[in-house]
Amino acid sequence: MTVIPQIENALIAGQDIIFLGERGQAKSRIMRQLINLLDERVPVIKGCEINDNPFTPICRRCRDLIAQNGENTEIDWLERGQRFGEKLATPDVTMGDLIGDVDPIRVAEGRYLSDELTIHYGLIPRTNRGIFAINELPDLAEKIQVALFNVMEERDMQIKGFPVRLPLDVMIVASANPEDYTSRGRIITPLKDRFDAQIKTHYPKDRSIEIEIMEQEARHLPLNGLKSIVPLFIKEILAEMTLQARNSPDISQHSGVSCRATIRSYEAILGSALRRCLELGEKKVVPRITDIEATFPSIAGKLELEYGGKDRKEGEVVEELARRATKVIFDEQFKADELSSIINSFNNGIGAVVSQSIPSAEYLDGLKNIPGLKDAVKSLVNVECHAEAASAIEFILEGLHLSNKLNKESLNGKFVYK
Ligand SMILES: [Zn+2]
């Protein structure tokens, strides 16, 4: 972990930060969380558009107010949550959006263009005394980047050609994909130099951290009194699919594979298990291997396939990720020869049918009829829970199939191992 110490150093040094990283590395989340380091509330002059400090107002309106009313000037309190501004940079973001513009209504009321009171402030001045975050900075038009540079460097704004001296107190943080940053080079050099700290973010290095993020971020399904139990191997397979995707030559690594792929697939597999419970009247929501295909739509949209190489369809790529991930987790759990009694049963003619929609209780025959299966299931889950046992049986059978020990055929939405 290098990210947190680097952020701490930059903050202590009072530096503006740019975060470089592929998508889904929590760059926006980190930027938003910086407000938790601010004072809980600060006083501002009541009605000020740019949160003027009562002791050192910078806008014309407030300077006039203080001159007139002195200590009787009304104040307000600004909570830390209100001191954060954010903008996703797109090419059509205007100067008016970010910095400010001349307000035509105020001009029509008879004010001169050069009068500071005709300004309609943009997002950055409105975040004065707070933190302003720009996501995907390279997508900002160059002209706007120049204006941004002026705000950061000179604390000056130019609005419609009129220089307005406005010594804003704003921390600017930005994010960019390193690929855009280097190859497209669309952050203008002076602005690039102006960010005092460049901090590279990264994906979780361990599967266990990927799992923690998945559990923390997933939206919880309303289970209406049903209980959900997700066996560890299911969580590991989902996380491993994302890890495999991040190393796959079929997938563009420039834009990366977001942690959102893992989070959304976790939600999708729970959804699939819940649907089974509702359809079959079961009480325990336990995802199985046959539910994994329910995660494919959640994952597919988060991958960009590499073009030019092998001509493969998205669906095939995702299916292969699932197979590879299942095999990796299975191999960590079992040596195929530990399961030789199970393999022998199949060699002697036993078969097993699995599917998303088969009731858990129907899997239990296998525990009686196949020697060694019960012990293998016990090593994974609570064998007394039918739904958990069904899930573990599917995992063991699929693992043995992927190890070339069992054949598998698909038949009318069901799978037959033999
Ligand atoms: Zn003011």
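The present account deals with the structure reproduced in this document. (Residues numbered from 1 in each chain as written. Predicted model: local features only at pLDDT ≥ 70, side-chain atom pairs only at ≥ 80, totals over all residues. Heavy atoms only, no water.)

Bringing the coordination of the zinc ion into the picture now. Looking at the zinc ion, the protein donor atoms are Cys-48 (SG), Asp-52 (OD), Cys-59 (SG) and Cys-62 (SG), and they sit 2.1 to 2.2 Å from it. Coordination geometry of the zinc ion: the four donor atoms subtend angles of 98 to 129° at the metal centre, consistent with an arrangement described as tetrahedral. Within one chain, the residues donating to the zinc ion are spaced in sequence as C-x3-D-x6-C-x2-C. What makes Cys-48 buried here is its relative accessible area of 11%. (Donors = N, O, S within 2.8 Å, 3.2 Å for Na, K, Ca; no water. Tetrahedral: all angles 85-135°; square planar, octahedral: opposite > 155°, others 65-115°. Buried < 20%, exposed > 50% of the residue type's maximum accessible area, 1.4 Å probe, protein only.)

A word on the sheet that holds strand 4 (residues 84-88). On the basis of which strands lie adjacent, the open sheet formed by five strands has the order 4-7-10-1-11 and parallel pairing. Pairing within the sheet leaves two strands with one partner each, and these edge strands are strand 4 and strand 11 (197-200). Going across the sheet, the axis of each strand differs from the next one's by a mean of 15°, ignoring polarity. Examined bridge by bridge, strand 1 (residues 17-20) and strand 10 (residues 171-176) share four bridges and lie parallel to one another. Bridging across to strand 10, Leu-20 finds its partner in Ala-176. Helix-sheet contacts for helix 1 (residues 3-12) involve strand 1, strand 10 and strand 11, and the interaxial angle to strand 11 is about 165°. (Pairing = 2+ DSSP bridges. Helix = DSSP H or I, 4+ residues; strand = E, 2+ residues; numbered from the N terminus. Axes fitted to C-alpha atoms, helices over the stretch in contact; angles between N-to-C directions. Contact = heavy atoms within 4.5 Å.)

Core analysis: the biggest nonpolar cluster contains 68 residues, and Phe-233, Ile-237, Met-241, Ile-342, Val-377, Phe-395 and Ile-396 have the highest contact counts within it. Ranked by size, the runner-up nonpolar core spans 38 residues in total, among them Ile-50, Ile-99, Val-102 and Ile-172. (Core = buried A, V, L, I, M, F, W, Y, C linked by side-chain atoms within 4.5 Å.)

This brings us to the sheet that holds strand 15 (residues 408-411). Spatial strand order, 14-16-15: three strands in an open sheet with antiparallel pairing. At either end of the open sheet lies a strand with only one pairing partner, and these are strand 14 (352-354) and strand 15. Pairs of neighbouring strands in the sheet enclose a mean axial angle of 25°, with direction left out of account. When strand 14 meets strand 16 (residues 414-417), the two strands line up antiparallel, connected through three bridges. In the strand pairing of strand 16, Val-354 is matched with Phe-415.

With that out of the way, let us pick up helix 11 (residues 232-245). Its 14 residues place the ends of helix 11 20 Å apart at the C-alpha level, agreeing with the 20 Å of an ideal helix rising 1.5 Å per residue. With 13 of its 14 residues buried, helix 11 lies for the most part within the structure. (Expected span 1.5 Å × (residues − 1).)

The next point concerns unusual backbone geometry. One non-glycine residue, Glu-136, lies in positive phi territory at about 60°. Along the polypeptide, Glu-136 turns up in the loop between strand 7 (131-135) and helix 7 (142-154). Take Glu-136: its relative accessible area is 27%, and that puts it in the partly exposed class. Look at Asn-404: it is not a glycine, yet its phi comes out positive at around 65°.

Over its 13 residues, helix 7 extends 18 Å from the first C-alpha to the last, a length consistent with the 18 Å expected when each residue adds 1.5 Å. For helix 7, every residue scored as buried is listed here: Ile-144, Gln-145, Ala-147, Leu-148, Val-151 and Met-152. Mapping the buried residues of helix 7 onto a view down its axis gives an arc of 160°, with all of them on the same face. The exposed set on the far side of helix 7, more than 90 degrees from its buried face, consists of Glu-142 and Lys-143. (Arc of directions from axis to C-beta.)

Let us look at the pattern of salt bridges. Tallied over the full model, the rule gives 26 salt bridges. Glu-79 serves as the salt-bridge partner of Arg-41, at 3.3 Å between the closest nitrogen and oxygen. Taken together, the residues span a long stretch of sequence, with Arg-41 in strand 2 (residues 41-45) and Glu-79 in strand 3 (residues 75-79) at a distance of 38 residues. Looking at Arg-41, the relative accessible area reads 42%, which means it is partly exposed. Here Glu-153 ties to Arg-194 by a salt bridge, and the two come within 2.9 Å at their closest N and O atoms. Here Arg-194 lies in helix 9 (residues 189-194) and Glu-153 lies in helix 7, a separation of 41 residues in the sequence. Residue Glu-153 is classed as partly exposed on the basis of its relative accessible area, which comes to 41%. Within the structure, one salt-bridge network assembled from shared partners comprises Asp-16, Glu-153, Arg-194 and Asp-196. (Salt bridge = Lys/Arg side-chain N within 4 Å of Asp/Glu carboxyl O.)

In this section: the packing of helix 10 (residues 207-217) against helix 11. Their axes nearest at 9 Å, the elements helix 10 and helix 11 cross at an angle of 110°. Overall, the two elements helix 10 and helix 11 adopt an arrangement that is roughly perpendicular. Only Lys-235, Glu-236, Leu-238, Ala-239, Glu-240, Thr-242 and Leu-243 of helix 11 make contact with helix 10, whose side of the interface consists of Arg-207, Glu-210, Ile-211, Met-214 and Glu-215. By residue class, the composition of the contact of helix 10 with helix 11 is five nonpolar, one polar and six charged. (Parallel < 35°, antiparallel > 145°, perpendicular 65-115°, else oblique. Nonpolar A, V, L, I, M, F, W, Y, C, P; charged D, E, K, R; others polar.)

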